[in-house]
Amino acid sequence: MRAPGPEWLGSGGVSRLQVVSGKGGTGKTTVAAALALALAREGRRTLLVEVEGRQGLAQLFGAEALPYEERKIAVAPGGGEVFALAIDAERALLDYLQMFYKLGSAGRALKKLGAIDFATTIAPGLRDVLLTGKACEAVRRKDKAGRYVYDHVIMDAPPTGRITRFLNVNDEVAGLARFGPIHHQAQAVMKVLKSPETAVHLVTLLEEMPVQETADGIEELRGAGLPVGRVVVNMVRPHHLDEDTLRTAAEDHRAGVAKALSRAGLGGARRGGVAERLVEPLLAQAAEHAGRVELERAQRAVLAGLDLPTYELPLLGAGVDVAGLYELAKELRKQSVAE
Ligand SMILES: Nc1ncnc2c1ncn2[C@@H]1O[C@H](COP(=O)(O)OP(=O)(O)O)[C@@H](O)[C@H]1O
Ligand SMILES: [Mg+2]
């Protein structure tokens, strides 16, 4: 039996479609996968979709390259299953033609002629129509008993710079095709994307560039009427020094540190001794750390000004494998439940 919907994800209730964007390299793929596992831990059946054709999800879960079909890639301890799908624009176009024009074998003939390649590579807007359309189809899909097939769909989405255009492409289509099946399909997609069922999360690091991109991205999404979910602050490093130590770390404490090292048994504090030779690199490291903490504070202040709910995920020392994903998923659950 599946658990009732958790009230803790997305903005204003349960988001059935969670779109994960952010500056490249900030951890979109990782966070999308961890979110899916967190939901699965609640007993929810979740579909992870990839739209950039990089097979990042397969790599992350140590699975073979994903075919164009939904495939179970993990079962969480709560019993919830995680499926994954790498959406391929070409196959999605064949689905689309099939849906509207019943072009079964004719579609395959078009493919042979290269028409499909042409359509999906030459018209980037069309690509996005197909990718978002397929994701929304999975969100809306119901089984024979009328229940949603997936409780949640999590999208590993394009980066912040392209996300608004990507999600909004069907608005343009609905405007171009003013009636008929394509108009209806485009409208149905936008209805899902602009509803409270959807939340667009932005992943960031505590660094100036990704934080700025996050702020700009949120403005753009809101301007387009798309629902912003959370800011996910990823790869947060622990702070080793307390307040007092941080204040003094940048100052010159050569002699004092040398003495302390000497007292700790690391040779005499005299010039040229072991303790003295250790002083420089240690002080440099402390100063660097203090400087970074200062920068991070400034970025935290900018993020706080955005006034959005956040998740915060630690930097995992050994990189991210499946065990690491479960660790991040646990963090996500902890932070949601605490609210
Ligand atoms: N919390 C984390 N701790 C440690 N490494 C991380 C963390 N999140 C992401 N990474 C690593 O950072 C790199 C980029 O992450 P990825 O999810 O592929 O980013 P994106 O999809 O935004 O390009 C990957 O090598 C990933 O393993
Ligand atoms: Mg990625």
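Summary of the structure given here. Numbering of residues begins from 1 in every chain and follows the order in which that chain's sequence is written. Written order determines the labels here, with chains lettered from A and ligands numbered from 1. Local features in this predicted model are restricted to residues whose pLDDT is 70 or higher, and side-chain atom pairs enter the listing and the counts only when it is 80 or higher, whereas totals over whole chains, interfaces and linings include all residues. In computing side-chain values, all of the structure's heavy atoms are included and hydrogens and water are not.

Here a helix means four or more residues in a row that DSSP labels H or I, a strand means two or more in a row labelled E, and each is numbered from the N terminus. Counting its secondary structure elements, the chain contains 13 helices and eight strands. We call a residue buried when its accessible area falls under 20% of the maximum for its residue type, exposed when it is over 50%, and partly exposed in between, using a 1.4 Å probe and counting protein chains only. Out of the 339 residues in the chain, the part that is buried amounts to 46%. Summed over all atoms, the accessible surface of the chain reaches about 16,900 Å², with 55% contributed by carbon and sulfur. Method for areas: the Shrake-Rupley scheme with a 1.4 Å probe, in which residue coverage is limited to the protein chains shown.

Next up on the list: the sheet that holds strand β3 (residues 71-75). Spatial ordering of the open sheet is given by β3-β4-β2-β5-β1-β6-β7-β8, a layout of eight strands whose pairing is mixed. Of all strands in the sheet, those with a lone pairing partner are β3 and β8 (310-314), marking the two edges. Going from strand to strand, the sheet's axes swing by 25° on average, the running direction of each strand aside. A pair of strands is labelled paired if DSSP reports no fewer than 2 bridges between them. Relative to β8, strand β7 (residues 228-236) is paired through four bridges, and the arrangement is parallel. Across the sheet, the residue bridging to Val 233 is Glu 312, located in β8. Inter-axis angles, ranging from 0 to 180 degrees, are taken between N-to-C directions of lines fitted to C-alpha atoms, where helices are fitted over the stretch in contact.

Turning our attention to the site of ligand 1. In the vicinity of ligand 1, the contacting residues are Gly 25, Thr 26, Gly 27, Lys 28, Thr 29, Thr 30, Asn 234, Met 235, Pro 314, Leu 315, Leu 316 and Val 320. Contact distances for ligand 1 include 2.5 Å between an oxygen atom and a side-chain N or O atom of Thr 30. Between N or O atoms, a polar contact is any pair within 3.5 Å; within protein, one atom must be a potential hydrogen donor and the other a potential acceptor, and residues adjacent in sequence are included only when both atoms are from side chains. One of the backbone nitrogen or oxygen atoms of Leu 316 is found 2.8 Å away from a nitrogen atom of ligand 1. With the chains in place, 72% of the 550 Å² that ligand 1 exposes on its own is no longer accessible. Secondary-structure elements contributing two or more residues to the shell around ligand 1 are α1 (28-41) and β7. Counting residues per element, the shell around ligand 1 draws most heavily on α1, which supplies three residues. Residue polarity follows a fixed list, in which Ala, Val, Leu, Ile, Met, Phe, Trp, Tyr, Cys and Pro are nonpolar, Asp, Glu, Lys and Arg are charged, and the others, Gly among them, are polar. Tallied by class, residues from the shell around ligand 1 come to five nonpolar, six polar and one charged. A single heavy atom is enough: if one lies within 4 Å of a molecule or strand, its residue is considered near that molecule or strand.

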